[in-house]
Amino acid sequence: MKFSILASGSKGNCSIVESNGVKIMIDCGTTKKYLTHSFDSIDIDVDTVNAVLITHDHSDHTSQLKLFHHLEVYSPTPLPYEHQLVEAYVPFTIEHITITPIQTSHDAGDSVGYIIEDGTSKLVYITDTGYIRDRDLKYLASADFYIMESNHDPELLMETSRPYFIKRRILSDAGHLSNHDAGTILGKVVSDQTKEIVLAHMSEQANNEQVALNTVRSFVKDTRIKLSVAKQYEIIMGGNQK
């Protein structure tokens, strides 16, 4: 299994997971121009994508759905295009891949993260959630790869010029995971099986790369686990790229 994070942040989100010829897109935000260029850069024809997984209906995750609605679309919430509704904790399959939606806590309709397993590798994709329930840690445990929200540093957030109600929203249980939150969760679920963690949906104003990496590394002490940061407008590739 390998993955390409094409965009990650408040201006748009899109990732591709590939396994034995099957290609799954997670979210399709950002701009048409950027996504088109990104697909060309990783040499993927959009029409060869097997399915699109939507995490929730905010525009930074769905704004370019019109480009992909002819594909099989899966979503936890109703969309203006034909799609299949998914239910948290009810697995479904796409070819040889099993996908388990996990309930997240965000100020959207219904929102989920996804656990993707191909019989050899396991990838956890969780962004846009104010917290993760303790009972869900068993689903996240011992993945090979994690794409995990590490949105903000609370002190840096409070220093921004954002209105107070926005700061409260971000810090709330229906907001976004902080670096400390991400580190706490990852410290509980990683194992000897884990190879790589990518910190995602990072705020450009209320966070910085080194703070996030240092915070999470203080919880994930096994330095054999690769730790990196997804970018808003830069392709990050990971997993088994061979």
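Scroll up to find the structure.
Residues numbered from 1 in each chain as written. Predicted model: local features only at pLDDT ≥ 70, side-chain atom pairs only at ≥ 80, totals over all residues. Heavy atoms only, no water.

(A) Broad picture of the sheet that holds strand β7 (residues 92-94). Across the sheet, which stays open at both edges, the 7 strands sit in the order β7-β8-β9-β10-β11-β12-β13 with mixed pairing between neighbours. The strands lining the two open edges of the sheet, one partner per strand, are β7 and β13 (226-229). Taken pair by pair, the neighbouring strands of this sheet meet at an average axis angle of 20 degrees, ignoring direction. Of the pairings in the sheet, the one linking strand β12 (residues 196-200) to β13 comprises 4 bridges and is parallel in character. When the bridges of β13 are listed, Val-198 appears paired with Ser-228. Running over the sheet, helix α7 (residues 209-217) touches β12 and β13 and is turned about 150 degrees from β13. (Pairing = 2+ DSSP bridges. Helix = DSSP H or I, 4+ residues; strand = E, 2+ residues; numbered from the N terminus. Axes fitted to C-alpha atoms, helices over the stretch in contact; angles between N-to-C directions. Contact = heavy atoms within 4.5 Å.)

(B) Broad picture of the sheet that holds strand β6 (residues 84-85). Read across the open sheet, the 7 strands follow the order β6-β5-β4-β3-β2-β1-β14; overall the sheet is mixed. Each having just a single partner strand, β6 and β14 (236-239) make up the two edges of the open sheet. Pairing of strand β3 (residues 22-26) with strand β4 (residues 51-53), which is carried by 3 bridges, proceeds in the parallel orientation. Looking across to β4, one finds that Ile-24 is bridged to Ala-51. In this fold helix α1 (residues 32-41) packs onto β1 (2-7), β2 (14-19) and β3, with an angle of close to 150 degrees to the strand it touches most, β1.

(C) A look at unusual backbone geometry. One non-glycine residue, Asp-43, lies in positive phi territory at about 60 degrees. In this structure, Ser-142 is a non-glycine residue whose phi angle is positive, near 60 degrees. One can find Ser-142 in the loop between α3 (137-140) and β11 (145-149). We classify Ser-142 as partly exposed; its relative accessible area is 35%. (Buried < 20%, exposed > 50% of the residue type's maximum accessible area, 1.4 Å probe, protein only.)

(D) Focus on the pattern of salt bridges. Enumeration over the complete set of coordinates arrives at 7 salt bridges. Linking Arg-224 and Asp-192 is a salt bridge whose minimum nitrogen-to-oxygen distance equals 3.9 Å. A residue pair is termed long-range when its members are at least 10 positions apart, and Arg-224 in the loop between α7 and β13 and Asp-192 in the loop between α6 (179-189) and β12 qualify at 32 residues. Taken individually, Arg-224 and Asp-192 each receive the classification exposed, so the pair is uniform in this respect. Here the salt bridges share partners, and the residues they tie into one network are Asp-192, Asp-222 and Arg-224. (Salt bridge = Lys/Arg side-chain N within 4 Å of Asp/Glu carboxyl O.)

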